[in-house]
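Summary of structural features
Here are the chains, one letter per residue:
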Amino acid sequence: MHSRFKAAAIHAAPVFLDATATTDKAVSLVHEAARAGAALVAFPETFIPAFPVWAALAAPIDNHDLFARMADQSILVDGPEVVRIREAAKAAGIVVSIGISERSPVSVGCLWNSNLLIGEDGDILNHHRKLVPTFYEKLIWAAGDGAGLRVVETAIGRIGQLICGENTNPLARYSLMAQGEQLHISSWPPVWPTRRPAGGGNYDNLAANRLRAGAHCFEAKVFGLVTASVLDRAAFDTIAACDPRAAEVLEGTPRAASFFLDPTGTQIGEALQEEGILYAEIDLAACIEPKQFHDVVGYYNRFDVFDLAVNRRRLAPATFRDTASAPPAAAVLTPVPGDGA
């Protein structure tokens, strides 16, 4: 049996650097998608509390205040914001994928670019931290680990997730293919500037995301859900205030889109660039026929030639061993010759 279901891709702006208000918005969107009949809803990269595009636009010495706000509004996986998302998923009976900026419980300045997959019962099914922050993202986030490189078996199918530039990493993508992935969620920022527009050669976020997502769907023979956020006026104005030239860069940088792909890499329907929710009907039986042509985790590979090992341990700053060892048994004293005994 192969599932047929409706999926929803959120193309929306967070309430910029406001975790509580953005959580309110996310909960509302979860219920809206569920009322529309969706069994799965996916949010963009670090939807809570925002994507830190200012790191591309102003020198680090000029944006300490924004980093401090980002750290303050980043959230814990066991914090109240995630609790509310989990409650919404359970109340609506829907699977939720959501990007968050995760803060460390042991450091006020350590953040991760993370993604959570939450089941329709409210349980956290997967917690993935982006393996490598990309380019200027290194000024904000720490490197993640392999603990979240997992494909999750759900009632609607086997779901895998990667964040933004990870979809360029063939080993990360293959690790999900090798776990029987059927639907791949990729999450993205609203813009990703790399050059000043006047000089040309700026990164085309829309074209690059379409290329990477299409390649993965074609190679893995899976459905793709691409979800990107929106840069709204409030975020634009705040970021533009960082540097006099920031507004020009933001105006001239291509905006991302949200869209769906089938297992041949072909786009399903239209892409969405205005704020809203995009829906698609998914029939996982369509993953079967393309596997006849290339099955890179089956017959179309040479496992005697290639050997991939993936470390999925969750990394921690220290290991503490608090259990004291048993005290030694009482020593039997041996008299020393000549001590008068």
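Attention here is on the structure that accompanies the text. Note that the coordinates shown come from a computational prediction; the quantities given were computed from them, not determined experimentally.

Contact geometry of helix H1 (residues 19-35) with helix H3 (residues 80-92) gives a least axis separation of 10 Å together with a crossing angle of 10°. As far as their axial angle goes, H3 and H1 are roughly parallel. Two secondary-structure elements touch here, H1 through Ala19, Thr20, Thr23, Asp24, Ala26, Val27, Val30, His31 and Ala34 and H3 through Glu81, Arg84, Ile85, Ala88, Ala89, Ala91 and Ala92. Looking at the contact of H1 with H3, its residues break down into 10 nonpolar, 3 polar and 3 charged.

Turning our attention to the state of the cysteines. One pass over the structure, following the stated rule, counts 0 disulfides. Cysteine Cys164 remains unbridged, with the sulfur of Cys217 as its closest cysteine sulfur at 16 Å. Here Cys242 stays free of any disulfide, with the sulfur of Cys164 as its closest cysteine sulfur at 20 Å. On the basis of relative accessibility, which here comes to 18%, the residue Cys242 falls in the buried class.

Tallied over the entire structure, the rule returns 8 aromatic pairs. Ring geometry for Phe43 versus Phe47: centroids 5.2 Å apart, planes at 45°, classification tilted. When its relative accessible area of 0% is taken as the criterion, Phe47 is described as buried. Seen in terms of ring centroids, Phe51 and Trp141 are 5.9 Å apart; in terms of plane orientation they differ by 55°. Their pairing is tilted. Of the two residues, Phe51 sits in the loop between strand S2 (40-42) and helix H2 (64-73) while Trp141 sits in the loop between strand S5 (124-129) and strand S6 (152-154), which places them 90 residues apart along the sequence. For the pair Phe51 and Trp141, a shared accessibility class is recorded, and that class is buried. Taken together, Phe135, Tyr136, Trp192 and Tyr203 form an aromatic cluster joined through their ring pairs. The ring of Tyr279 carries Lys6 above its face, with NZ or CZ at 4.7 Å from the centroid. The side chain of Lys221 reaches across the aromatic face of Phe218, ending 3.9 Å from its centre.

A few words now on the pairing of strand S11 (residues 267-272). Two faces belong to every sheet, and in a regular strand the side chains alternate between them. Relative to S11, strand S10 (residues 258-261) runs antiparallel, the two being bridged by 3 bridges. When the bridges of S11 are listed, Ser258 appears paired with Leu272. Joining the antiparallel neighbours S10 and S11 is a turn of 5 residues, in which Gly265 adopts a positive phi near 90°.

Here we take up the layout of surface pockets. The probe, sized like a water molecule, is rolled over the atoms to show the empty space still left. Within this model, the largest pocket holds a volume of roughly 250 Å³. Lining the largest pocket are 14 residues, and of these Trp112, Arg129, Leu315, Ala316 and Pro317 sit closest to its centre. Residues of the lining of the largest pocket, tallied by class, amount to 9 nonpolar, 2 polar and 3 charged. Within this model, the second largest pocket holds a volume of roughly 180 Å³. Lining the second largest pocket are Tyr174, Val296, Asn301, Phe303, Phe306, Asp307 and Leu308. Here the lining of the second largest pocket is built from residues that sort into 5 nonpolar, 1 polar and 1 charged.

Another point: H2. Taken as a whole, H2 has its buried residues at Leu66, Met70, Ala71 and Gln73. Of the surrounding elements, those touching the buried residues of H2 are H1, strand S3 (95-103), strand S4 (111-118) and helix H6 (233-240).

What follows covers empty space enclosed by the protein. Scanning the entire structure with this criterion turns up 1 cavity of 30 Å³ or more. Here the largest cavity defines a volume of roughly 70 Å³. As for the largest cavity, its lining consists of Pro14, Phe16, Ala50, Phe51, Val53, Pro190, Ser229, Val230, Leu231, Asp232, Ala235 and Ile239. By residue class, the composition of the lining of the largest cavity is 10 nonpolar, 1 polar and 1 charged.

With the rule as written, the count across this model stands at 12 salt bridges. In this structure, Glu45 and Lys130 form a salt bridge, with 3.5 Å as the shortest nitrogen-oxygen distance. A residue pair is termed long-range when its members are at least 10 positions apart, and Glu45 in the loop between S2 and H2 and Lys130 in the loop between S5 and S6 qualify at 85 residues. On the basis of relative accessible area, Glu45 is assigned to the buried category, the value being 1%. Between Glu153 and Arg158 there is a salt bridge whose closest N-O contact spans 3.9 Å. Under the relative-accessibility criterion, Glu153 is labelled exposed at 56%. One network of salt bridges, with partners in common, ties together Glu45, Lys130 and Glu137.

Following the sequence through the fold, Ala33 ends up in helix H1. Distance from Ala33 to Ala8, taken between C-alpha atoms, is 6.4 Å for residues 25 residues apart in sequence. The residues touching Ala33, leaving out its near neighbours within four places in the chain, are Ala8, Ala38, Val41, Ile94, Ile277 and Tyr279.

What follows concerns the sheet that holds strand S8 (residues 183-188). Read across the open sheet, the 6 strands follow the order S6-S7-S8-S9-S10-S11; overall the sheet is mixed. Two strands in the sheet have a free side with no partner beyond their single neighbour: S6 and S11. Going across the sheet, the axis of each strand differs from the next one's by a mean of 20°, ignoring polarity. Looking at chain direction, strand S7 (residues 157-163) and S8 are connected through 5 bridges and run parallel. Within the sheet, the bridge partner assigned to Gly160 lies in S8 and is His184. Along the sheet face, helix H4 (residues 170-177) touches S7 and S8 and points at about 170° away from the line of S7.

Conventions used here
The residue count restarts for each chain, going from 1 along the sequence in the order it is written. It should be noted that, the model being predicted, local features are given only for residues of pLDDT at least 70 and side-chain atom pairs only at 80 or more, the latter also being counted only at that level, while totals for whole chains, interfaces and linings use all residues. Excluded from the side-chain calculations are hydrogens and water; all other atoms, namely the structure's heavy atoms, are used. Each axis is a line fitted through C-alpha atoms, and for a helix only the stretch in contact is used; angles between axes span 0 to 180 degrees, taken between their N-to-C directions. A run of DSSP states H or I qualifies as a helix once it reaches four residues; a run of E qualifies as a strand once it reaches two. Both are numbered from the N-terminal end. For classification purposes, an angle smaller than 35 degrees is called roughly parallel, one larger than 145 roughly antiparallel, one from 65 to 115 roughly perpendicular, and anything else oblique. Note on definitions: a residue-residue contact is assigned when non-hydrogen atoms from the two residues lie within 4.5 Å. All amino acids are sorted into three groups, where Ala, Val, Leu, Ile, Met, Phe, Trp, Tyr, Cys and Pro are nonpolar, Asp, Glu, Lys and Arg are charged, and the leftover types, Gly among them, are polar. In plain terms, two cysteine sulfur atoms within 2.5 Å form what is called a disulfide here. Using a 1.4 Å probe on the protein chains alone, a residue whose accessible area is under 20% of its type maximum counts as buried, one over 50% counts as exposed, and one in between counts as partly exposed. Only Phe, Tyr and Trp rings take part, Trp by its six-membered ring, and two of them pair if their centres are within 6.5 Å. Stacked means planes under 30 degrees apart, edge-to-face means over 60, and tilted covers everything else. Criterion for a charge above a ring: Lys NZ or Arg CZ within 6 Å of the ring centre, and within 35 degrees of the ring normal. Pairing between two strands is assigned when DSSP locates at least 2 bridges connecting them. Residues are called lining when one of their atoms sits within 4 Å of a cavity or pocket point, these points coming from a 1 Å grid over the protein atoms alone, where a cavity is a set in which a 1.4 Å probe fits but cannot get out and a pocket is an open set with protein on both sides within 12 Å along at least five of seven lines. Grid points are joined across faces, edges and corners, and a volume is the space filled by probe spheres set on the points. For salt bridges, the criterion is a side-chain nitrogen of Lys or Arg within 4 Å of an Asp or Glu carboxyl oxygen.

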